Amino acid sequence: MKNGFLFLVLATFFFSSMEVALKLIAHDFHPMQLTCTRFFVGGLLLIPFGLRALNKRGAALDLAAWKGFAGLGFLGLVVSMMFYQVSILYIPASVVSVLFSCNPVMMLVFAFLILKAAILPQHIAALVLEVVGALVIIDPLHTVLDMRGVALVLLSAATFALYAVLGKKLCARYSGLAVTAFSCLAASAEMLVLIALSHVPFVSGSLNAAGLPMFASIPLFKGYSADNILTMLYVCIFVTGGGYACYFMGMERTSPMQSSLVFFFKPILAPIFAMLVLGEIIPWNMWLGIGLILTASFISMLPTLHVMHSVRHLHIRFPHHFRLPHGLHWPHHKK
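Residues numbered from 1 in each chain as written. Predicted model: local features only at pLDDT ≥ 70, side-chain atom pairs only at ≥ 80, totals over all residues. Heavy atoms only, no water.

1. Structural notes on helix α10 (residues 176-197)
For α10, built from 22 residues, the straight-helix expectation of 32 Å at 1.5 Å per residue is met to within 8% by its first-to-last C-alpha distance of 31 Å. Of all 22 residues that make up α10, 16 are buried, and the element is covered over most of its length. (Helix = DSSP H or I, 4+ residues; strand = E, 2+ residues; numbered from the N terminus. Expected span 1.5 Å × (residues − 1). Buried < 20%, exposed > 50% of the residue type's maximum accessible area, 1.4 Å probe, protein only.)

2. Some details on the side chain of S87
Tracing the backbone through its elements, the reader meets S87 in helix α4 (residues 63-87). A polar atom in the side chain of S87 sits 2.6 Å from the backbone oxygen of Y84. Setting aside residues up to four positions removed in sequence, S87 forms contacts with V96, G149, L152 and V153. (Polar contact = N/O pair within 3.5 Å; in protein donor to acceptor, adjacent residues only side chain to side chain. Contact = heavy atoms within 4.5 Å.)

3. What to know about the side chain of R38
Take R38: it is sitting in helix α3 (residues 31-57). No salt bridge is formed by the buried R38, whose closest oppositely charged neighbour, E19, lies at an N-O distance of 7.9 Å. Once you skip the residues sitting within four places of it in the chain, R38 turns out to touch M18, L22, M81, V235, C236 and T240. (Lys, Arg positive; Asp, Glu negative; His and termini not counted. Salt bridge = Lys/Arg side-chain N within 4 Å of Asp/Glu carboxyl O.)

4. Observations regarding the packing of aromatic side chains
Applying the stated criterion across every chain yields a total of 16 aromatic pairs. Seen in terms of ring centroids, F14 and Y234 are 6.3 Å apart; in terms of plane orientation they differ by 70°. Their pairing is edge-to-face. Pair noted here: F14 is in helix α1 (residues 2-16) and Y234 is in helix α12 (residues 229-253), with a separation of 220 residues, a long-range link. A residue is classified by how much of its surface remains accessible, and F14, at 9% relative accessible area, is buried. For the pair F15 and Y244, a centre-to-centre distance of 5.3 Å together with 65° between the ring planes defines the contact as edge-to-face. Of this pair, F15 sits in helix α1 while Y244 sits in helix α12, and the two are 229 residues apart along the sequence. (Phe/Tyr/Trp six-rings, centres within 6.5 Å; stacked < 30°, edge-to-face > 60°.)

5. Re the environment of C102
One can find C102 in the loop between α5 (93-100) and α6 (103-114). For C102, a relative accessible area of 5% corresponds to the buried category. Put simply, C102 and A161 are 59 residues apart on the chain and 9.1 Å apart in space, counted from C-alpha to C-alpha. Excluding residues that lie within four positions of it along the chain, C102 makes contacts with E130 and I293.

Dropping the structure here:
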């Protein structure tokens, strides 16, 4: 149990420092180059954990599995994380972090539309608060933010939410850790193909003519220096590989509900890190927006908390009749 919470604390730190670390090197590397590199290295580090999770499920890495990983990886990592990385070029890291934290409530909408999941009054209230919180942060009537960055990070949050919902069945079959590990590898392979295509003269010339020079002749090995190599290693090894590994190992030793607190605290810690490291100024409207988004996150968790409490009560009274669904478990306690 204690080890589980230690893993969750580490995951919270790694994920909360992500935007700051990426901002430090955002102008040194091409967005796709950076995204491809960090998910390739992170995916490699997650392979042992992913294989262990597959063995526990008795699942195999067949062609159907790789097709699923490739599709999810393209949506959630190639598309979503490209939007995310480019947004950091236009707006402060603290704003990117907080606005991206809207994605859990966006998941409720996609779950309702795609999985026909029930939308409760609490979910509607959370969605309204999320929208209000985002508007308070953006402050459209007096904004000083570059709206290109705002649009990109919201698109990133939306596509990542869609990635999470569409990946629900794969996660149930292969485990979240295996899906994350092999989606990272599949997505990095897809990005390598796109990077190679961007150097084809016809493709490069067409992109330049279409006003998209950013995606023409994408570099893969340029930009490295003594000043940024440690930050790049931190992003690849600790934020991407270590962050996901700690998150899933923490979930295994505690519970999914407790592990979700990682993303509850991230919108609080990320702006603090941005202030301390990047010197970003966090205005009052952003703190208010953070408060609204955190309230929305808590409200969206209430139905699950209620179910967990009810089932736990029945489990204590009738341990052989009431158990959590597959994939969920009670936290381990020392006797």
